[in-house]
Amino acid sequence: MRLVFFLTVLIYFTQPALAQLEKGIWHTGGMADFYSHKQAFETELTSSNANRTNINLNANIGYFVADKFSLGLKPGFSSVKAEFSNGGAIMNTQRYLLGPFARYYLLNMENRYNIVTESSYQWGFLGGEKSSGSINNATILIGPAIYFNSTVGLEFLMGYKYTKEMQNDIDGNPFSTNKTNGFFMGLGFQIHLQKYD
């Protein structure tokens, strides 16, 4: 039984998938990630610590400007829940983002699997019950991409994210500036639109 499983896996990963990574191909997809961290929170009046939980959803649409290299746009949405240590207050906010990305695939285009790298920068705004403001994200990702056929791939990505948020209070007055950075993992997929001659 183990031999059959091993041979099946070996055949799967050695067969060419002919993923569409050549110049002139469009691709679209998305990624979801979960990010949990502790944050120091400071305002003009007080300081506190918060436990934050982020759920992020990012879509993308890109175009291969050269073989294995694509550029595109990445819209995103995130929901953030913060629980503060002084008094246990809970704050929920939503973030809407948009920005460019660049992707490069490291291995041969004919492989059923590849290693993808991506860097992106997004701008956006945030809003919640008690605050509003602006946000900037910078992200660097790397991880394996496994192709089921020539158009659909699953990605297991890990990376580093830097975020800067400038929040305003209910009246629109500057309230705080928060900076976070850290490592995270996510699961994504890509659909490569086939090129027909």
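Pairing analysis gives 14 bridges linking strand β2 (residues 47-66) to strand β3 (residues 69-84), with the strands arranged antiparallel. If you follow L57 over to β3, its bridge partner there is F77. Sheet analysis places β3 next to strand β4 (residues 90-105), joined by 15 bridges and oriented antiparallel. When the sheet's bridge partners are listed, S79 is paired in β4 with Q94.

Take the side chain of E155 next. Note on placement: E155 falls in strand β7 (residues 152-168). We classify E155 as buried; its relative accessible area is 2%. Within the local environment of E155, its side chain forms a polar contact with the side chain of R103, the two groups lying 2.8 Å apart.

The next thing to look at is the packing of aromatic side chains. Scanning the entire structure with this criterion turns up six aromatic pairs. Geometrically, the ring pair formed by W26 and Y63 is tilted, given 4.9 Å between the ring centres and 55 degrees between the ring planes. Taken together, the residues span a long stretch of sequence, with W26 in strand β1 (residues 26-42) and Y63 in strand β2 at a distance of 37 residues. By relative accessible area, which is 44% here, W26 ends up partly exposed. On the basis of relative accessible area, Y63 is assigned to the partly exposed category, the value being 32%. Directly above the aromatic system of F184 lies the positively charged group of K161, at a separation of 5.0 Å from the ring centroid.

This next bit is on unusual backbone geometry. In this structure, K68 takes a positive phi of about 70 degrees despite not being glycine. Along the chain, K68 falls in the loop between β2 and β3. Judged by its relative accessible area of 17%, K68 falls in the buried class.

What counts and how
Residues numbered from 1 in each chain as written. Predicted model: local features only at pLDDT ≥ 70, side-chain atom pairs only at ≥ 80, totals over all residues. Heavy atoms only, no water. Pairing = 2+ DSSP bridges. Helix = DSSP H or I, 4+ residues; strand = E, 2+ residues; numbered from the N terminus. Buried < 20%, exposed > 50% of the residue type's maximum accessible area, 1.4 Å probe, protein only. Polar contact = N/O pair within 3.5 Å; in protein donor to acceptor, adjacent residues only side chain to side chain. Phe/Tyr/Trp six-rings, centres within 6.5 Å; stacked < 30°, edge-to-face > 60°. Lys NZ or Arg CZ within 6 Å of the ring centre and 35° of its normal.

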